[in-house]
Amino acid sequence: MRIGLLTDGGYPYASGESRLWCDRLVRGLAQHEFDLFALSRTAEQEAQGWVQLPPQVSRVRTAPLWTADEDTLGLHAPRGLLARLLTGGGARTYGRRERRRFVTHFTALATSVCVTGATGGERDLGREGGDRDAAAGGPDPRIADAQFTEGLYGLAELACEHGGLPAALRSETALRILEAACGAPGTGRTVQTATVPDLLAFAAELDRALRPLSLDWYDEESLGAVDLCHAASGGAAALPGLLAKRFFGVPLLVTEHAVQLRAHYLAATGTPVSAPVRALLANFHGRLATEVYRQAALITPGNTHARRWQERCGAEPAKLRTVHPGMESGRFAALGESEDDGGPDTLVWVGRIEPAKDLIGLLHAFAEVRRAEPDARLRIIGAPAQGPEGATYLAHCRALADQLFPDEAVDAHAIGDSPVSFEDIGGAEIPDLAQAYAAGGVVVLSSVVEGFPISLVEAMFCGRATVSTDVGAVVEVIGGTGLVVPPRNPRALADACLALLRDPERRARLGAAARARALELFTVEQNLAAFRGIYLELISQAPVRRPSVADDDGGPRPFATPPEAHVLGLWPEPDDEPEPRPAGRTPSWAGQGVGAGARGAGDGDV
């Protein structure tokens, strides 16, 4: 079958989220044909290029979400010098009828975004530390959801027919509509305080969020030609899938290893935007998440923690099916099967150095461990997160380690040796990731925020006993094969580390159990098997009978009709002149003749 894989800031780019998972999925399901529809987030990501694509990828369509309007590729905008002279620039202008349509649909969208009661909206921001005085009551959420749906798809149809949506979203008309919606009855107090600069900032963010509506991907040769849309995340990546279902009836599968709405919450807390803009964006992303989950045929969270968020955002439990992300276990096999305990007195932390990992708390916990076990050592292995914040945090951790653990020396003439070391993977002592986990007998995870703990699964593949904080999907992953303590509790973390350092037999038992659990639940093979079955399950609900196809001799073409069409009572008779419609789609493989193979790489647009 032909799969439309939808990504946002990930595959096929060399850097980004979920790129490894997507690459393993595409390579592992070689019997299917994949069309990639990728959104890029930054110019740096574009400059780093793509990973090498396998032959089953027949077409790649990309669109940047970070460029100015006139530079954005793939939009419905005038092309050529004459068209630009007639329209006055790169953006297409609307006539009177199109302006009325835009006002109607954007008013519905803005009204639904400004009212209180959106899932994950202003009230939820209040519980997360935002405005706790949001107005009570408000319109029925179902009415607001219907308004959002009407506005979203109305704008999408307008963009597909006439283009020009980015310019309209930044126009004075859009600003006046937002101003009126923010001041209408039923809006929260935070939204009501929005100023003109706030509305301008929100309009700019809304333009970027809705940019997928203006792409030229929605025709019979692009998303209309696939049998199934698979969004690698929610949010912007799922928008093309929503329109493919709306226009062509293509079923939508949504996979989220980290819920986009939760990621928006975490990102919004560190942004310089004002409270009204944060509230409006939270309302918009909450409404969008609700619509994505409502339209998806199936939703596959990567863990139970993500599943709880999806249910809170309105996903039906019957549509949810947890599929753990698959990880390569082969590179850890030698260490996992060996009897090397890594040293009975060494703790190891492996990961990306950033504030969410709470290395400050780990250093304070190790100070307690050191007082009880003077020979204990702590090895922190990893690189700082990209950007100045990561480097600043690493410097802070080094300074704290120097303060807590001054260099120890035998006498005044010897060179001191700190019990805490900061190391990178790739050096002489730690040439690869497996050697990082082999450097100690106990692996520690001290995070205060975590989604799916990849480093914890890697430690389990290595057969290492672990001490982790109870955040994200840690408890689900560890499943009783390691020790779990509350986050931001150095004393509890120190006690758990001491318990394992002092009991080698317990360490060995927990390590063996952890490796067995990881091999059962978190391998690439189980992930591919799950999606292989899900693809077949979803596509089995889509085939319909196609009119008879004749071969060159005038007779019926062998295998032109899927075998399911011969089951009595399930397939309606085709009309004399069938018209394409969502309920009457036929998968691409259903109409292929004998010997028809998948198209090779290079067919289509790249």
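Residues numbered from 1 in each chain as written. Predicted model: local features only at pLDDT ≥ 70, side-chain atom pairs only at ≥ 80, totals over all residues. Heavy atoms only, no water.

Another point: helix α17 (residues 388-404). Helix length check: α17 (17 residues) gives 24 Å between terminal C-alpha atoms against 24 Å at 1.5 Å per residue, within 8%. Where α17 is concerned, the buried positions are G390, Y393, L394, C397, L400 and A401. For α17, the arc enclosing every buried residue in end-on projection is 125°, short of the 170-degree limit, so these residues lie on one face. Exposed residues lying more than 90 degrees from the buried face of α17 are P388, T392, D402 and Q403. Of the surrounding secondary structure, the elements contacted by the buried residues of α17 are α16 (359-372) and β9 (420-423). (Helix = DSSP H or I, 4+ residues; strand = E, 2+ residues; numbered from the N terminus. Expected span 1.5 Å × (residues − 1). Buried < 20%, exposed > 50% of the residue type's maximum accessible area, 1.4 Å probe, protein only. Arc of directions from axis to C-beta. Contact = heavy atoms within 4.5 Å.)

Moving on to unusual backbone geometry. Cis rather than trans, the peptide bond between Y11 and P12 has omega equal to 10°. Positive phi values are uncommon outside glycine, yet D358 reaches one of about 50°. Among the secondary structure elements, D358 is positioned in the loop between β7 (346-350) and α16. For R488, which is not glycine, the phi dihedral falls at a positive 55°. Inspection of the secondary structure assignment puts R488 in the loop between β12 (483-485) and α21 (490-501).

If you look at the biggest cluster of nonpolar residues, it comprises 71 residues, and the most contacted ones within it are F102, F106, L210 and L213. The leading source of residues in this core is helix α13 (residues 275-295), at nine residues. Not counting chain neighbours up to four residues away, the residues in contact with F102 comprise Y94, T107, L155, L158, L165, A168, L169 and A174. Counting residues in hydrophobic clusters, the runner-up holds 37 residues, among them A367, L394, V442 and A494. (Core = buried A, V, L, I, M, F, W, Y, C linked by side-chain atoms within 4.5 Å.)

Note: disulfide means a covalent bond formed between the sulfur atoms of two cysteine side chains. Under the defined criterion, the tally for this structure stands at zero disulfides. A disulfide-free cysteine, C182 has its sulfur positioned 3.7 Å from the sulfur of C114, the nearest such atom. Judged by its relative accessible area of 4%, C182 falls in the buried class. (Disulfide = S-S within 2.5 Å.)

For the rest of this paragraph, the subject is the pattern of salt bridges. All told, the structure shown has 24 salt bridges when counted by the stated rule. Residue R211 pairs with D207 through a salt bridge whose shortest N-O separation is 3.0 Å. D207 shares its class with R211; the two are buried. Here E458 and R331 are joined by a salt bridge, their closest N and O atoms 3.9 Å apart. Linking E458 in helix α19 (residues 454-461) with R331 in the loop between α14 (304-312) and α15 (333-337), this pair joins segments that are 127 residues apart in sequence. Residue E458 is classed as buried on the basis of its relative accessible area of 9%. A single salt-bridge network, built from bridges that share partners, covers R2, D35 and R59. (Salt bridge = Lys/Arg side-chain N within 4 Å of Asp/Glu carboxyl O.)

Moving on to the pairing of strand β3 (residues 57-64). With respect to burial, β3 is a largely interior element, seven of its eight residues being buried. Relative to β3, strand β2 (residues 33-40) runs parallel, the two being bridged by seven bridges. The partner of A38 across the bridge, within β3, is T62. (Pairing = 2+ DSSP bridges.)

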